[in-house]
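Tertiary structure, described
Given next are the chains, with one letter for each unit.
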Amino acid sequence: MVATLSTCIKDVSFMLLQLLEEEFNSLINKKDQMNIETKIRNIRFIGELCKFKIASPGLVFGCLKTCLDDFSHHNIDVACNLLETCRQFLYRSPETSVRMANMLEILMRLKNVKNLDPHHSTLLKNVYYLCKPPERSARVSKVRPPLHQKINIGELIILSTTLGWLTEEEEPIKDNDQRIQYLLPT
């Protein structure tokens, strides 16, 4: 809604971002357990606004750096929620990819240096791979021999007779072909 309104009313996004940043700073300074849901709601909203290009990446990186400077219980959750919300947006954007890669490396170094509980360790690892998925080779399609292709087409023909979506391009299977008799209905 803010993205739509900001095209007409320019001050809406500016005022909202200012309020969100002030709320983030006041919530981060409070170390109590009671405000974790409010912190997460606030940081997720900032992350969503960044994806709509209303919040600047500088604001998001500033919030992330604040969380990384005091890398403890709630700040780990807040940083993970921010990265989970932004996912690959900041990593894939050409203007922010280097900075995001550096932040992710700092995040993983802090994870390895600190003695974290398994929940936070798993959370950090999952967020890291959400933002920066591992490299995989392209899937190679299997080349099937012509008989297997005919069998697959035969299965489609048998199934499609009840549905009525047989196209004219497929060549029907001969009834006397003994290698695929088991496919044909009796």
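From a predicted model like this one, the values you see are computed outputs, not experimental measurements. (Residues numbered from 1 in each chain as written. Predicted model: local features only at pLDDT ≥ 70, side-chain atom pairs only at ≥ 80, totals over all residues. Heavy atoms only, no water.)

Turning to the environment of Leu-49, a few remarks are in order. Relative to the helices and strands, Leu-49 is located in helix H3 (residues 36-51). Linking Leu-49 and Val-2, residues 47 residues apart in sequence, is a C-alpha distance of 8.3 Å. In contact with Leu-49, not counting residues within four places along its chain, are Val-2, Leu-16, Leu-17, Leu-20, Ile-54 and Ala-55. (Helix = DSSP H or I, 4+ residues; strand = E, 2+ residues; numbered from the N terminus. Contact = heavy atoms within 4.5 Å.)

Turning our attention to the packing of aromatic side chains. All told, the structure shown has 1 aromatic pair when counted by the stated rule. Aromatic pair Tyr-128 and Tyr-129: ring centres 5.2 Å apart, planes at 80°, arrangement edge-to-face. Residue classification places Tyr-129 among the partly exposed residues on the basis of a relative accessible area of 43%. (Phe/Tyr/Trp six-rings, centres within 6.5 Å; stacked < 30°, edge-to-face > 60°. Buried < 20%, exposed > 50% of the residue type's maximum accessible area, 1.4 Å probe, protein only.)

On to helix H2 (residues 10-29), then. Taking 1.5 Å of rise per residue, 20 residues should cover 28 Å, and H2 covers 30 Å from first to last C-alpha, within 8% of that figure. Contact partners of the buried residues in H2: helix H1 (2-8), H3, helix H4 (57-69) and helix H5 (73-86). (Expected span 1.5 Å × (residues − 1).)

To continue, consider the pattern of salt bridges. Taken as a whole, this structure holds 5 salt bridges when the rule is applied. Put simply, Asp-69 and Lys-65 hold a salt bridge, and the shortest N to O gap is 3.2 Å. Residue Asp-69 and its partner Lys-65 are both found in helix H4; the two are separated by 4 residues, about one turn of the helix. Residue classification places Asp-69 among the exposed residues on the basis of a relative accessible area of 57%. Across the salt bridge formed by Lys-132 and Glu-105, the nearest N and O atoms sit 3.4 Å from each other. (Salt bridge = Lys/Arg side-chain N within 4 Å of Asp/Glu carboxyl O.)

With that out of the way, let us pick up the packing of H3 against H4. Axis separation between H3 and H4 bottoms out at 9 Å; the angle between their running directions is 150°. In terms of axis orientation, H3 runs roughly antiparallel to H4. In this structure, the crossing between H3 and H4 has a hand that is left-handed. Packed against H3, whose contacting residues are Ile-43, Ile-46 and Cys-50, the element H4 presents Pro-57, Leu-59, Val-60 and Cys-63 at the interface. (Axes fitted to C-alpha atoms, helices over the stretch in contact; angles between N-to-C directions. Parallel < 35°, antiparallel > 145°, perpendicular 65-115°, else oblique. Left-handed = near helix turned anticlockwise from the far one by under 90°.)

It is the contact of H4 with helix H7 (residues 97-113), at a shortest axis distance of 11 Å, that shows an interaxial angle of 15°. Put simply, H4 runs roughly parallel to H7. Read as a crossing pair, H4 and H7 show a hand that is left-handed. Every residue of H7 that contacts H4 at Gly-58, Phe-61, Leu-64, Lys-65 and Leu-68 is listed here: Arg-99, Met-100, Met-103, Ile-106, Leu-107 and Leu-110. By residue class, the composition of the contact of H4 with H7 is 8 nonpolar, 1 polar and 2 charged. (Nonpolar A, V, L, I, M, F, W, Y, C, P; charged D, E, K, R; others polar.)

So, about the state of the cysteines. Scanning the model with the defined rule gives 0 disulfides in all. The thiol sulfur of Cys-63 is not disulfide-bonded, and the nearest other cysteine sulfur, from Cys-67, lies at 7.1 Å. With relative accessibility at 2%, the residue Cys-63 sits in the buried group. (Disulfide = S-S within 2.5 Å.)

Tracing the sequence through the fold places Thr-85 in helix H5. A polar contact is formed between the side chain of Thr-85 and the backbone oxygen of Asn-81, at a distance of 2.7 Å. Those residues within four positions of Thr-85 in sequence are excluded, and the remaining contacts are Arg-44, Gly-47, Glu-48 and Lys-51. (Polar contact = N/O pair within 3.5 Å; in protein donor to acceptor, adjacent residues only side chain to side chain.)

Taken together, Met-1, Leu-5 and Ile-9 make up a surface patch of nonpolar side chains, about 330 Å² in accessible area. By the element assignment, Ile-9 lies in the loop between H1 and H2. Of the residues examined, Ile-9 reaches a relative accessible area of 45% and is grouped as partly exposed. (Patch = residues over 30% accessible without salt bridge, like charges linked within 9 Å, V, L, I, M, F, W, Y side chains within 5 Å. Areas by Shrake-Rupley, 256 points an atom, 1.4 Å probe, with all protein chains shown as cover.)

Turning our eyes to something else, we now look at the environment of Lys-125. Mapped onto the fold, Lys-125 is located in helix H8 (residues 118-131). C-alpha separation for the pair Lys-125 and Leu-107, spaced 18 residues apart in sequence, amounts to 9.4 Å.

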